[in-house]
Amino acid sequence: MSLAYAFDVKARDGKARLGEITFARGAVRTPAFMPVGTAGTVKAMFPETVRQTGADIVLGNTYHLMLRPGAERVAELGGLHRFMNWPRPILTDSGGFQVMSLSSLRELTEDGVTFRSHLDGSEHHLTPERSVEIQRLLGADITMQLDECVALPCPDAEAERAMLLSRRWAERCKVAFGSDPARALFGIVQGGTVEALRVRSAEGLQDIGFDGYAVGGLAVGEPQDVMLSTLDVTVPVLPEDRPRYLMGVGTPEDMLLSVMRGIDMFDCVMPTRAGRHGQAYTRFGRINLRNARHAADPRPLDEESDCPAARDYSRAYLHHLVKAGEILGAMLLTWINVHYYQSLMAGIRQAIGEGQLAGFAARTQAGWAEGDIPSRS
């Protein structure tokens, strides 16, 4: 395999694309879902189990790894891939989301962001250049530009201010990243839900030139139809020969509908977080294992699944684990959820390749709508 980063679109079905991103550490089949490994681990999962679900790439968090154990320490220990025993590609976010989510702990200027650590109150200064440096120390295969993500809804003027700042930071990130054919740098489209701002942002980033383009600042409180209409305006402006990454999304339906609008990559904490809270994602929709109706149900969650956690354990046992607060409950349900997300991506890829995405989407949505069938025992 080539040591150079590359992206190849292999098939199209409507606006949806079947593709492959290649790195020295392996190929990423797209559309792809990236499990989130915030602090160097996909919570409640072994790395080898994450891979067995079908994941080609995981996400690491610049802000959290910067604070603990520190990017320089990770580099001294051989980089994030070795540190977390994940030899395949890793995308690292830039810390930009924390500019929004930890707004009470930061000060924003043209130069960058000064954070107060949520762990111990220590002060850290994150600039576009430092964000790129941290991601290089971690050894990221895909580096994300530092940006400012605003909470929605927000005034148009505020969305424009943040978008323009993000674009200026994108220029600085591009300079700091330099030239590295084995790694990729992605720009991030911002602009709230203002269509004209999204177009300006996408066009401005292309003037700078990136290896891939992310759509940021969505899935932060806006309704699904607003997110989708924003994609309808933004995606057609993005180049055909680069990956398109919708950040922080989302539910299985969010991803399916976004693929149909031309998105190639996703990440979200939803499947792992839901697993730790007794929720399972399945072809029947989301199932709450806390519900008493599962207490005496001997059936597995899905007898047709090729995930052992969904096929080989009874609902009654999963319910017991959740109610008892046993760690195994979180582990099994997280495994089920990440496996389902990867199975959905695999089904989408196959459908695009066969030109049958519309039928696949209709069947999948019908299964979610029908829902889980209660036990008749």
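The following paragraphs examine the structure supplied in this document. (Residues numbered from 1 in each chain as written. Predicted model: local features only at pLDDT ≥ 70, side-chain atom pairs only at ≥ 80, totals over all residues. Heavy atoms only, no water.)

Attention now moves to the sheet that holds strand β10 (residues 142–144). Read once around its circumference, the closed barrel built from eight strands follows the order β4-β5-β6-β10-β11-β12-β13-β14, with strand pairing classed as parallel. When the angles between neighbouring strand axes are averaged without regard to direction, this sheet yields 30°. With respect to the sheet, helix α6 (residues 128–138) is in contact with β6 (90–93) and β10, its orientation differing from that of β10 by roughly 160°. (Pairing = 2+ DSSP bridges. Helix = DSSP H or I, 4+ residues; strand = E, 2+ residues; numbered from the N terminus. Axes fitted to C-alpha atoms, helices over the stretch in contact; angles between N-to-C directions. Contact = heavy atoms within 4.5 Å.)

Turning our eyes to something else, we now look at the sheet that holds strand β8 (residues 113–116). The strand order across the open sheet built from three strands is β7-β8-β9, with neighbouring strands paired in antiparallel fashion. Each having just a single partner strand, β7 (106–108) and β9 (123–126) make up the two edges of the open sheet. Put simply, the sheet's adjacent strands are angled 15° from each other on average, direction ignored. Note that β8 and β9 share four bridges and pair antiparallel. The residue of β9 that forms the bridge with Thr114 is His125.

The next thing to look at is the nonpolar core. Grouped together as the largest cluster of nonpolar side chains are 68 residues, with contacts concentrated most on Leu231, Leu246, Phe266, Leu344, Ile348 and Leu357. Here this core takes eight residues from helix α14 (residues 327–354), the largest share from any one element. Residues within four places of Leu357 in sequence aside, it is in contact with Asp13, Ala16, Val259, Met260, Ile348, Ala351 and Ile352. Formed by 20 residues, the second largest nonpolar core is a distinct cluster that contains Ile21, Ala32, Leu91 and Met247. (Core = buried A, V, L, I, M, F, W, Y, C linked by side-chain atoms within 4.5 Å. Buried < 20%, exposed > 50% of the residue type's maximum accessible area, 1.4 Å probe, protein only.)

Turning next to the pattern of salt bridges. Where charged atoms from two side chains of opposite charge come close, those side chains can pair. Overall, the coordinates contain 26 salt bridges when judged by the stated rule. Glu129 is the salt-bridge partner of Arg172, the closest N and O atoms lying 2.9 Å from each other. One end of the pair, Arg172, is in helix α7 (residues 156–177); the other, Glu129, is in helix α6, and 43 residues separate them in sequence. Accessibility expressed as a relative area gives 21% for Arg172, which makes it partly exposed. Residues participating in the shared-partner salt-bridge network are Arg12, Arg17, Glu240, Arg244 and Asp264. (Salt bridge = Lys/Arg side-chain N within 4 Å of Asp/Glu carboxyl O.)

Remark: helix α10 (residues 252–259) packs on α14, axes separated minimally by 11 Å, with the N-to-C direction vectors making an angle of 20°. The angle between α10 and α14 falls in the class roughly parallel. Both α10 and α14 take part in a crossing whose hand is right-handed. For the pair formed by α10 and α14, the contact residues are Pro252, Met255, Leu256 and Val259 on the first element and Tyr340, Tyr341, Leu344, Met345, Ile348 and Ile352 on the second. Its residues placed into classes, the contact of α10 with α14 shows ten nonpolar, no polar and no charged. (Parallel < 35°, antiparallel > 145°, perpendicular 65-115°, else oblique. Left-handed = near helix turned anticlockwise from the far one by under 90°. Nonpolar A, V, L, I, M, F, W, Y, C, P; charged D, E, K, R; others polar.)

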